[in-house]
Amino acid sequence: LSRSYDPKVIEHFENPRNVGTLDRKSADVGTGLVGAPACGDVMRLSIRVDPATGQIVESVFKTFGCGSAIASSSFATETIKGKRLEEALKISNRQIASELKLPPVKLHCSMLAEDAIKAAIADYRKKQAAAPRAQGPAAASTTQEASG
Ligand code: FES
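Cut-offs and rules
Residues numbered from 1 in each chain as written. Predicted model: local features only at pLDDT ≥ 70, side-chain atom pairs only at ≥ 80, totals over all residues. Pairing = 2+ DSSP bridges. Helix = DSSP H or I, 4+ residues; strand = E, 2+ residues; numbered from the N terminus. Axes fitted to C-alpha atoms, helices over the stretch in contact; angles between N-to-C directions. Contact = placed C-beta atoms within 7 Å. Expected span 1.5 Å × (residues − 1). Buried ≥ 20, exposed ≤ 12 C-beta atoms within 10 Å, placed from the backbone. Parallel < 35°, antiparallel > 145°, perpendicular 65-115°, else oblique. Left-handed = near helix turned anticlockwise from the far one by under 90°. Nonpolar A, V, L, I, M, F, W, Y, C, P; charged D, E, K, R; others polar. Core = buried A, V, L, I, M, F, W, Y, C linked by C-beta atoms within 7 Å.

Q: Explain the sheet that holds strand S1 (residues 29–35) to me, please; I cannot follow it from the model alone.
A: Strand pairing within a sheet occurs via backbone hydrogen bonds; the two strands may be parallel or antiparallel. With respect to topology, three strands assemble into an open sheet ordered S1-S2-S3, the strand pairing being antiparallel. In this open sheet, the two edge strands, each paired with only one partner strand, are S1 and strand S3 (55–64). Averaged over all pairs of adjacent strands, the angle between strand axes in this sheet comes to 15°, irrespective of strand direction. Of the strand pairs in this sheet, S1 and strand S2 (residues 42–50) are connected by seven bridges, and their pairing is antiparallel. What sits directly across from Thr-31, in S2, is Ser-46. Helix H2 (residues 67–80) rests against S2 and S3 of the sheet, and its axis sits at about 175° to S3.

Q: Please explain helix H5 (residues 107–130) as it appears in this structure.
A: Each turn of an α-helix holds 3.6 residues, which means side chains three or four residues apart point in the same direction. End to end, H5 covers 35 Å across 24 residues, agreeing with the expected 34 Å (1.5 Å per residue, within 8%). Residues His-108, Cys-109, Ser-110, Leu-112, Ala-113, Glu-114, Ala-116, Ile-117, Ala-120, Ile-121 and Tyr-124 constitute the buried set of H5. Among the structural elements, S1, S2, H2, helix H3 (85–89) and helix H4 (93–100) are those in contact with the buried residues of H5.

Q: Any chance you could explain the packing of H4 against H5 here in plain terms?
A: Packed helix pairs are specified by the crossing angle of their axes together with the interaxial distance, meaning the distance between the axes. Remark: H4 packs on H5, axes separated minimally by 8 Å, with the N-to-C direction vectors making an angle of 125°. Judged by the angle between their axes, H4 and H5 are oblique. Considering how the two elements wind past one another, H4 and H5 form a crossing that is right-handed. Residues Asn-93, Ile-96 and Ala-97 of H4 touch H5, and the partners they reach there are Leu-107, Ser-110, Met-111, Ala-113 and Glu-114. In terms of residue class, the contact of H4 with H5 is made up of five nonpolar, two polar and one charged.

Q: Even after reading the chapter, I still don't get the nonpolar core, so can you show me in this structure?
A: Across soluble globular proteins, you tend to see nonpolar side chains buried next to one another. Formed by 28 residues in total, the largest nonpolar core has its most connected members in Ile-47 and Ile-117. Of all elements in the fold, only S2, S3, H2, H4 and H5 reach the threshold of two or more residues within this core. The leading source of residues in this core is H5, at eight residues. Not counting the four nearest positions on each side in its chain, Ile-117 is found in contact with Gly-32, Leu-45, Ala-76, Ile-80, Ala-88 and Ile-91.

Q: Help me understand the environment of Ala-71, please; the structure alone is not making it clear to me.
A: Tracing the backbone shows Ala-71 in helix H2. Assessed through the 29 C-beta atoms surrounding it within 10 Å, Ala-71 is described here as buried. Sequence separation between Ala-71 and Arg-125 is 54 residues; the distance between their C-alpha atoms is 26 Å. Dropping the residues within four chain positions of it, Ala-71 is found in contact with Val-9, His-12, Phe-13 and Leu-100.

Dropping the structure here:
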């Protein structure tokens, strides 16, 4: 096995970075849960975003899947940390696959990571759009009061 994979994949698989979960209810957290129908592997990736800067300040994952999927998600969380959402959206599975030198048969594993990043960002944006805007004390007078 170790002869067919690049040392970087093996290293990420054996020492995955940023394994964990974030509070999905938190307004500054976005979570993407994606699966690969072909193999049944599942990846959950969460980001915490600084709403003021649009920068990803934390990124964690849990992957129930193959070594390449675990390595891809570990690499993805490292790559997007510190990036703005627009930059993170540009990360493609090809980029992940080429960094990790994944064989063609394992390209869908890196696709999972791209899909998970996009899904986490979409979830964060959906929450931000739905949530009432955080406002300082100066804006307190705009608070609506229930009438009737
Ligand atoms: Fe399906 Fe790797 S074999 S994600």
